[in-house]
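# Residue-level structural notes
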Amino acid sequence: MGTTASQLGKDLLSEYQELTFLTKQEILLAHKRFSELLSKEDRNLTSVPMEKVLSLPELKSNPFRKRICHVFSTSDMKDGSLTFEDFLDLLSAFSDSATLEIKSHYAFRIFDFDDDGTLDGGDLEKLVNCLTGETEDTRLTPEEMRQLISNILEESDIDKDGTVNLSEFQHVISRSPDFVSSFKIVL
Amino acid sequence: MEVLTTEGRDRLASHMSDVREQADERSEESMQTNLLVRNRWSAATLRVLSSMPSRSVGQQSRLEIISQCNIRSTQLRRYHRQTQDVSLSSRPSIRGYGIEADSEDVCEEETKRQELVNNLQSLSAGDRVRMLRATPLSLAEKTKLRKRVFSDKVGQSLLSSQVPCCSLLKRALYHILFGCLFIVSSLQLWQVALKRLGGRFGTGVLSYFLFIRTLLLFNVFLFLINGLFLVLPQAIHPPLHTPSSHRVTGLELFTGTGYLSNSVMFYGYYTNSTINTSCRPDEATAGTGCSTTSDPHMMAYNIPLAYFFTICITFFITGIVLVYSMSKSFGRSFRVFKSQGNLAIKVFCSWDFKVSKKMSVRLQSENITTQLKELLSEVKGGEEEKGRLSGMAVHLLAWSISLGSTFFCALGIHCFAKHMHLRRLEDVEGEVSLVHEARLLALPGVVSCGNLLLPGLFNLVSWMENFNSPIVRLYVSIFRNLLLKVSILGVLCYHWLGKIAAEPQQHGLQCWESFVGQELYRFLLVDFIFTVLYTVFGEFIWKLFSQGVLRRRRKPVFDIARNVLELIYGQTLTWLGVLFTPLLPAVQILKLLLLFHMKKSSLLVNCQASRKPWRASQMSTLFISLLCFPSFLGATVSVTYTIWTIKPSSGCGPFRNLPFMFHSGKQWAQELKSTNPKLAWLNWVHGCLVENPFFLFLMAGVFLMVIYVQTQILDGQRKIISLLQDQIENEGKDKKFLITRLQAVHEKRQYPLSPSSRPQPQGSEV
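Residues numbered from 1 in each chain as written. Chains lettered and ligands numbered in written order. Predicted model: local features only at pLDDT ≥ 70, side-chain atom pairs only at ≥ 80, totals over all residues. Heavy atoms only, no water.

### Re the overall build of chain A
Which entries qualify depends on this criterion: Segments assigned H or I by DSSP are reported as helices when at least four residues long, segments assigned E as strands when at least two residues long, and all are numbered from the N terminus. Note on exposure labels: buried denotes an accessible area under 20% of the residue type's maximum, exposed denotes more than 50%, and partly exposed covers the range between, all computed with a 1.4 Å probe on protein chains only. Contacts: residue pairs with any heavy atoms within 4.5 Å of one another. Shrake-Rupley sampling with a 1.4 Å probe provides the accessible areas, and residues are treated as covered by the protein chains on show and by no other component.
A count of helices and strands for chain A gives 10 helices and two strands. Each helix (α) and strand (β) of chain A, taken in turn from the N terminus, gives the series α-α-β-α-α-β-α-α-α-α-α-α. Counting the 187 residues in chain A, one finds 59% classified as buried. A separation threshold of at least 6 residues defines the contact pool for chain A, and within that pool the share at least 24 residues apart is 53%. Surface summary for chain A: the accessible area is close to 7900 Å², and the carbon and sulfur share equals 52%.

Have a look at this one:
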């Protein structure tokens, strides 16, 4: 692919270093992988369509891959395509040094399947289905699902409005010691 | 639904809510929790709901994020005591009235942004960078903000030149630390195998294997310390012994006698003098080591002192590590804010995003499904569990059978041990032959048989009893097994320390410590052999039998309690034996390594996951506390008893001429006092700590007071948390009330003459 350092200006590189949680090597590697995704297309395109992003080996089998693309995409067409800066945002939120706050914020947005700002019953059901897998024999029965959702709401909905908002979500997350280490994607 | 106009939607919504009203009047509880569910409300209400500050999280509500950032940057400023003006009215709930006009939003966003820029400018450079980084805005937004912040300052030169050296240093240190942590975590032993096992069999079985890993680490620590300070110096400067002729038969490896008894493995080999590092072997005189005429630059290594202190220090450090990990486990399982369960945490936090292979993702899904089912069944089981008076008689019978069998087993072992010693006395007088050596293995064999068969009996007995929840069954089973092991070990310790050590001549022993060390070595080995046999014959053949002959489709289930207690038993033997056999931890390490792989293969081939999954969440806490309390404490007590009250044998070992073992430390302290008066305070400290009990009472009193204060603090925190929870609930009720009022007012305005208009808002709490 040639020397990528020359394609990413030094000023831009240090700016990215300041604004994200990524190190210089990680940014350069991200640039390299992003350019590879663009390589077969027209060079003038600045954003990569969602299907190409989903072909990355780190995201390929992740059940949340589509949600991740939608959350980090800043395109007006809401089609999940990512620019390079969106890609850096993604890697920064999933990096080793990102704070718990950032991670829980983005985790909340990823789990909010209908984008309404809270996790209601439908969101929770889709979340559990993503966790338990695609095949029929690993999914929960409807009875178990109903009980699970009502238990989750009982445990985490403090103001009893039937949904889990961001603060309640962050409160639940803060009780788990290994959330930070499991919410990581490294290229 | 998009085709309908706002009016049409409202009419439909009101009609639908009419129909629902009748149903809802019958089920008030569901109303309480679902009052803000979407499809009951009008469009205006929905707009209000969707722009509520607690729900504005997404990309389109930058304003909320910027307000939060403002709050935080102001707090940071106040903390650093910079400018005192507080110019933020960023309490979110007041903002709610501005929903109609979007242009107002944009203006407000602009003002907020300007405020944020001002705030950021007044922070220090490091804080600014950290603040910007931690804001959950998109990179494009952050770049714009940053440009505005820096546009007032001296331009682009800030970017590269003004990086102070201390922040570079900090960053470098940070990277080094991360590198070390990364190396340590990548050295995680058996990570892949553990993940595979956990995925297939659930957390209960996984905790057994994690426990093996923990024990391995303890033994590696023991082995390293002992090896470095005891074995190595003695091995490099071997004492002169009269070479005894022993026939080398393979049995020595199992019995520890023969040429092994005069090796660095056992207590008897160690000298009781100081080794000087520059002396040559031919200068040594028998039994006293090197000559003591020394020149001051030579290093003197006092073996008895080293022995005493090494053992004490390893026990001390192991004790501290155990207590620390036990308290950490307790801290994790019992929280101040004790919620009803772990389901929400499991659902939100358990997905590991690092996993990328398709097979591993599938395994992870399986794992999570199993855990969720476990948790759900426990919750359900907890709800159905009621006390039952019937079956009391069965329980009594079961307990009497278990306790009785334990007692008889202990008695039997006691008698057999006495008998074996008498036989051994006869053997010692006669010729040493292979059969006599093999007889040494009889007692360990009998004990291991008892250890194997009695838990099977306990299983049968508990199958007869009908327990409501699997957790109770597990605890009862663990308790019974524990009682068995404790009584067996108690009888054996009484034998060794009470009988043999007290009168070694009566048992025909010159070096009773080596003998006890050899006994422990034999016990460990025979225990391992029996475990191997049981795994091969018990699990494998039973599986063939049950599938072939009994034609059962299910494979047997892994018995966690029994296996864990066997591990603890083995570790107790190791700790008991460290004083007499410094290399015993090495044997235990080998044993654990082989055990891990054997059990893993046996599990994958012979067993299956339990069909009725139950939660094993506090298993690690239980295992560590079992390791700490009966096991480690018992070993410490017997080692302390040995060091304090038993006279060492006069013919062998590093403590040969001392009345008690701890006198080596005492002598050294007194020597220090006489040679180096400045260090006399050490002797005083030693006297205070060891001989004066008042000091210990004082320490215990201070300790108890600290615990009491901590419990009071925890209590207070709990009270505050419940008060705050009540307050949040009340706020939630206020919110519901206002929303329903809003809906009622809107409907009244919309349908003033319609018969379905309701003058009263439904479901409102007044």
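### Regarding the pattern of salt bridges
Proximity of charged atoms lets side chains of opposite charge pair with each other. Test applied: For salt bridges, the criterion is a side-chain nitrogen of Lys or Arg within 4 Å of an Asp or Glu carboxyl oxygen.
Under the defined criterion, the tally for this structure stands at 14 salt bridges over all chains. Notably, a salt bridge pairs aspartate 127 of chain B with arginine 130 of chain B, separated by 3.6 Å at the nearest N-O pair. Taken together, the positions of aspartate 127 of chain B and arginine 130 of chain B, both in helix H6 (residues 125–133) and three residues apart, correspond to about one turn of that helix. Taking relative accessible area as the criterion, aspartate 127 of chain B reaches 7% and is therefore assigned buried. One salt bridge in this structure joins lysine 591 of chain B and aspartate 527 of chain B, with 3.4 Å as the shortest N-O distance. Separated by 64 residues along the polypeptide, lysine 591 of chain B in helix H22 (residues 584–606) and aspartate 527 of chain B in helix H20 (residues 512–548) bring together distant segments of the chain. Accessibility assignment for this pair places lysine 591 of chain B and aspartate 527 of chain B in one class, buried. Taken together, the salt bridges that share partners define one network made up of Glu15 and Glu18 of chain A together with Arg146 of chain B.

### What to know about the packing of aromatic side chains
Threshold: By convention, a stacked pair of Phe, Tyr or Trp rings (six-membered ring in the case of Trp) has centres within 6.5 Å and planes under 30 degrees apart, an edge-to-face pair has planes over 60 apart, and any other such pair is tilted. When the NZ atom of lysine or the CZ atom of arginine is within 6 Å of a ring's centre and also within 35 degrees of its normal, the charge is said to sit over that ring.
What the rule picks out here adds up to 29 aromatic pairs over all chains. A centroid spacing of 5.4 Å and a plane angle of 55 degrees characterise the contact between phenylalanine 108 of chain A and phenylalanine 169 of chain A, whose relative ring orientation is tilted. Highlighted residues: phenylalanine 108 of chain A in helix H6 (residues 100–111) and phenylalanine 169 of chain A in helix H9 (residues 166–174), separated in sequence by 61 residues. Side by side, phenylalanine 108 of chain A and phenylalanine 169 of chain A carry an identical accessibility label, which is buried. Of note, arginine 480 of chain B hangs over the ring of tryptophan 399 of chain B, and the distance from its end group to the ring centre comes to 4.4 Å. Lying over the aromatic face of tyrosine 569 of chain B, lysine 485 of chain B brings its terminal NZ or CZ to 5.9 Å of the ring centre.

### Things to note about the interface of chain A and chain B
Stated formally: The term buried area refers to how much accessible surface (probe radius 1.4 Å) is lost by two components on association, counted for both of them together.
Listed as interface residues are 75 residues of chain A and, on the opposing side, 66 residues of chain B. Surface buried jointly by chain A and chain B totals about 6300 Å² across both partners, of which 61% is contributed by carbon and sulfur atoms. Looking only at chain A, the three residues that lose the most surface to chain B are Glu18, Leu19 and Arg175 of chain A, adding up to 12% of its buried area. For the pair chain A and chain B, the interface holds four salt bridges.

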